[in-house]
Structures are given as C-alpha cells and as structure tokens.
Amino acid sequence: MEGTESRSGTVSSVVADWSLVFWTLCSVILPVLITLWCSFQRSRRQVLIRDIFRKSKHDWHYTDLFGQPSYCCVCAQHILQGAFCNCCGLRVSEGCLKKADQLFLCKEIMMRSSGGAHSSMPHHWIRGNVPLCSCCMICKQQCGTQPKLCDYRCVWCQYTVHDECMMDCLKTEECTFGEFRDLIIPPYYLSTINQMRKDKRTNYEKVVPYCRKHWMPVIILANTRSGNNMGETLLGELKILLNPVQVFDLSKIAPAKALQLCTLLPCNAVRVLVCGGDGTVGWVLDAIDEMKIKGQERYIPQVAILPLGTGNDLSNTLGWGAGYAGEVPVEQILRNVMEADGIKLDRWKVQVTNKGYYNLRKPKVFTMNNYFSIGPDALMALNFHAHREKTPSLFSSRIINKAVYFFYGTKDCLVQECKDLNKKVELELDGERIKLPSLEGIIVLNIGYWGGGCRLWEGMGDEPYPLARHDDGLLEVVGVHGSFHCAQIQVKLANPVRLGQAHTVRLILKSSKMPMQVDGEPWAQGPCTVTITHKTRALMLYHSGEQTDDEASSMSEQDHMREQTDEDV
C-alpha cells in the first residue's frame, strides 16, 4: 500500500510539473503569437492602404489623431484616426477608405472635355467636417455646431451651407471661387489652354477667367525640408484653398520645372509664393534667371516669401517677417500676397579665382542676393554646416539652429581664428584701394538685414550714414572686429566699421586659408581674388504690413537724415 501511494504521489507530482511547464509555455508563447498575428494584420492593412493611396485620385494621408472633432464621410461615425484628403478635405475611417475612394470625386485640376469651351463650373459640395466658425451662405448662421456629420462645404469657394438650407438650385449654381478667385487657376481655364495648345494657338491672354482684369494666379513652391519642417502642413492647407496644380513640393520637383506653368498663364500676371528659407528663395530666383535665358522674359513672375528657414534676412528685408511658425492663418498669407507691391532686388555675381602659377581650374561663380562675408560669421556658418551634415536630424528647429550658432560664436570669441584679417587681404571699391583698420571680418551687404535680423549697416543709429537700398545697384561694405563685436552690433551696443559703398567690390586674399560664405553657403578658401559685380534684377513682392519698433525708428532716422541733407544743400 505504501509503495502504491508513493508511486501515485510521484505521478501526480510529475503531472503537476508538466502542467506548470505547459501553462508557463502558454503564458509566454500565446502573447508572442498574438503580437505576431496583430503585427501581420497591421502590416497587411498598411499594404492595402498604401495600395489605395497609390491608385487613388485623392491625395490621401493617414493620421493617428485628427486635430479637431471629425466624422467619417461614409458611415457618419465619430473618428479619432483615419485618412484625410489634402485636396478636397474628405475624412474617412480606415474601414471606409476604399468605399469613400469610389464614392467621392476629388478636386479636378482640369475639367473633362465635353465638346466645347467652358467659362464656368458648378459648386463641388462635400458633406460634413466644415471649418470651425464658418457661416452658412444662405442664413448667415454658424455651421458645424451639431456633434454629427452635418452641413456642406464647397471645395473651391469654401462657402458652407446648412443641411436644411441646401436647395437643388445650389447644387447646379455657378461657383465664384470665393475670396481667392483672383489667385486660383480654375479647371476650365486649363482645359481651354490644353485645347489651344492642340490647335497650336498661344494667345492665352484672351482666356482670362471670370472676365476679371486683375487676375493674378499664384504658384506655391514649398520646401518641406526648410527650418522647422512646416512645409508639409502648409502644402495641405494651400491645396485645399487653391487648385492643387498650383502647389509644388520642391523636394519632389525642381523649381525650373514647376515654373513652366507660368508659360500657360497671362504675361506679367503670375505671382510665386516661396515657402522656405533664403537658400530656397535663391534656388527659385536662379530658376527664373534660366527662364530669361530661354527667352521667356514675358512670363517672369513676381516672388513673395513665406519664411521657414533659420536666418530669413531677405524675407525680413521685404516685409514678410523673420520667421513663420503657424501664427498667421494661411488665408491671411494669401491676402498678403494679393495686396503686396512689386519691387526690384539687385542680384550680384561673385567670382572666386584661385591663385597659383599653374591654375587651370575654372573660377567658382556664385549668385548673391543677401551678402558675402569673410571672417568670424563665415566661420560660424562653416562649423554649423559641418555639424548639420553629420547629424541632420538634430537641426529640425529654428531655436536649436540659433543655439548652435550662438555656441560657435562664443567659441570664436575665445579662440579668434580670424584675427589680423587686414594683413591677409586687400580691398578695392570701384577700383580704389581701401586702407583697412585692424579687423577680423569683412561683410558685403546687398540687403538691410544680416545675421538673422540685425540691421548691420545701420548699427546703433546714433551717427549719420549713407542710405542703403536693395535696388540701387550699390553694395555696402563693413568690417567687424570679431564675434563679440558682431554680438554687440546685433543688440545695438556698437556700430560696424563702415568701409564704403560701391558698384564693384574686389577682395584679394593674399595668404592662408579663410572661411567665406555667400548667402549662408560657407566654404574654406585659400589664396584667391573675389570679384563682386552686378548681375541682374529680380522682380519681388514687398509686404508693407505692421512695422516693428526697430523698423519704425530706422525709417524715422533715415527721414531725419534726408531732411538734414536737404537743409545743408
């Protein structure tokens, strides 16, 4: 009996052990299997979604969280995540995506040919998810106030209508394209132009839409890699307000190709909004110069700027501000473009010729819009550029970029790598040799702002100085004593060393290697001759918005100096 009991006890203990092992394995393996199954299903779902996105005429984008209360346009259920179209504004849940793609048409960039020319088109209504604080075009009461899929919005004129105010006549009524009719390229215009090209006719001026005299179509060129990475969001918002054919992502298409749209539009009427930093603006202006070479002068557009870069000195000079971080609605930006005045901007040729007995290399040629410099500020730009090339992911914020600049500026105050510059270079202004004082840097200015918002030529503003403009064919040349002197000028505690103004600047680097930069593009340069001459003038747009205190005081000081000059005369 005792043996039997001991054997049964042994068996039960073995069973208990195996049971423990089994359930332990289940507790480990089952979650792993569930995770693998969910991962497989998720990847499969993502492949299906990408396939729909690729084949669709909608510009679908997926989001994990909508920025405002949203309802699916198919099932009318409240959704937190799903897909939205960047062009027409449709919002759908993941499960209804395929059905929505089949049911709803997106914005047509060109009307389908139906035998005959078009001069108008009906509204394109989409139900639900109307903008906050929008008002009904019929009863003038607020739309979208009910917590459900309700009310209608036209994807072209952006007018909204209550469900109960929607009438059959509105569905066939001619769309006026709303507030931005003067900026939008209507689909029927492009259809007509396409037919004219087939008939080999080029008198596009006769096809002005809406019978309006002040049509000024805008082309958007956005660099999604600039500064604080806001380009992607801006592209979507602008595609909703305009014809998607007018909006280009410069990370996918070169500006030279995008600007060929100007040749399909009336002469001297097009405006271009460049969303990016000063480097992006220079890229676009170079593409416009290529249009001149091709004999397309009459299609040259005027250029406005939405500053997304780090420095943004050119946009600051032209009244578009020192930086954009979403504080101004996109609608107001388009209004500013419509109201802006046309001006000219000098562009300069910078030729760098290396010295040497057997120098067979071609000289480097740059185009300058803002400034050229040699010395501490070029050294800071060179160090910043090298650091950004190594770890580009760290430089996604304008604040971080400026902090890195501050770090390298502080370092140069202690090291002084560019001292005794006056012994290493010779400077000529309009052929006249300039005697240099003790300096660490020389800066040649074309515009009023430098170094991220500093009015360098003006300095403290406590002493008379010659007036400077960006369209007078003159360059302003200043010297600085070092990084600390640059910092003092930026906070208006010191004046620069004003060396003069000239139509042509020639700088000879006699020995050693020094940092140089043109419009924020730095490099290390050995002995050479730098010659700066006038190249051309660009057509820009100036926004005369609210002036800052510094700008207002600067203008008043310049007016006061003009009065003193007149009195002396």
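Before reading on, note that the structure itself is shown above.
Residues numbered from 1 in each chain as written. Predicted model: local features only at pLDDT ≥ 70, side-chain atom pairs only at ≥ 80, totals over all residues. Heavy atoms only, no water.

## Topic: empty space enclosed by the protein
- Within this structure, the stated rule accounts for two cavities of 30 Å³ or more.
- Volume-wise, the second largest cavity comes out at about 30 Å³.
- What lines the second largest cavity is simply Cys73, Gly89, Leu90, Arg91, Ile126, Gly128, Asn129 and Arg153.
- Of the residues belonging to the lining of the second largest cavity, the class tally is three nonpolar, three polar and two charged. (1 Å grid on protein atoms, 1.4 Å probe; cavity = no way out; pocket = protein on both sides within 12 Å on 5 of 7 lines; lining within 4 Å. Points joined across faces, edges and corners; volume = space filled by probe spheres on them. Nonpolar A, V, L, I, M, F, W, Y, C, P; charged D, E, K, R; others polar.)

## Some remarks on the sheet that holds strand S23 (residues 521–525)
- One open sheet holds the six strands; their spatial order is S20-S19-S18-S15-S22-S23, and the pairing between them is antiparallel. Among the strands making up the open sheet, the edge pair consists of strand S20 (497–502) and S23. In this sheet, neighbouring strand axes are inclined to one another by 15 degrees on average, regardless of whether the strands run parallel or antiparallel.
- Here five bridges tie strand S18 (residues 441–445) to strand S19 (residues 475–480), and the two strands are oriented antiparallel to one another. (Pairing = 2+ DSSP bridges. Helix = DSSP H or I, 4+ residues; strand = E, 2+ residues; numbered from the N terminus. Axes fitted to C-alpha atoms, helices over the stretch in contact; angles between N-to-C directions.)

## Notes on unusual backbone geometry
- One non-glycine residue with positive phi stands out, namely Asn129, at about 55 degrees.
- Among the structural elements, Asn129 can be located in the loop between strand S6 (125–127) and strand S7 (152–154).
- In the Ramachandran plot, Asp430 falls in the positive-phi region, its phi being about 55 degrees despite a non-glycine side chain.
- Examined against the element boundaries, Asp430 turns out to sit in the loop between strand S16 (425–429) and strand S17 (432–434).

## Notes on the pattern of salt bridges
- In total, this model carries 15 salt bridges according to the counting rule given.
- Between Arg347 and Asp289 there is a salt bridge whose closest N-O contact spans 2.3 Å. Of the two residues, Arg347 is situated in strand S13 (residues 341–354) and Asp289 in helix H7 (residues 278–293); the sequence distance between them amounts to 58 residues. In terms of burial, Arg347 and Asp289 fall into one category: buried.
- Two residues, Glu458 and Arg455, come together in a salt bridge whose shortest N-O distance is 2.7 Å. There is no split in this pair, since Glu458 and Arg455 are both buried.
- Overlapping salt bridges, with partners in common, bring together Asp286, Asp289, Lys292, Arg347 and Lys535 in one network. (Salt bridge = Lys/Arg side-chain N within 4 Å of Asp/Glu carboxyl O. Buried < 20%, exposed > 50% of the residue type's maximum accessible area, 1.4 Å probe, protein only.)

Honestly, it's all geometry; don't read function into it.
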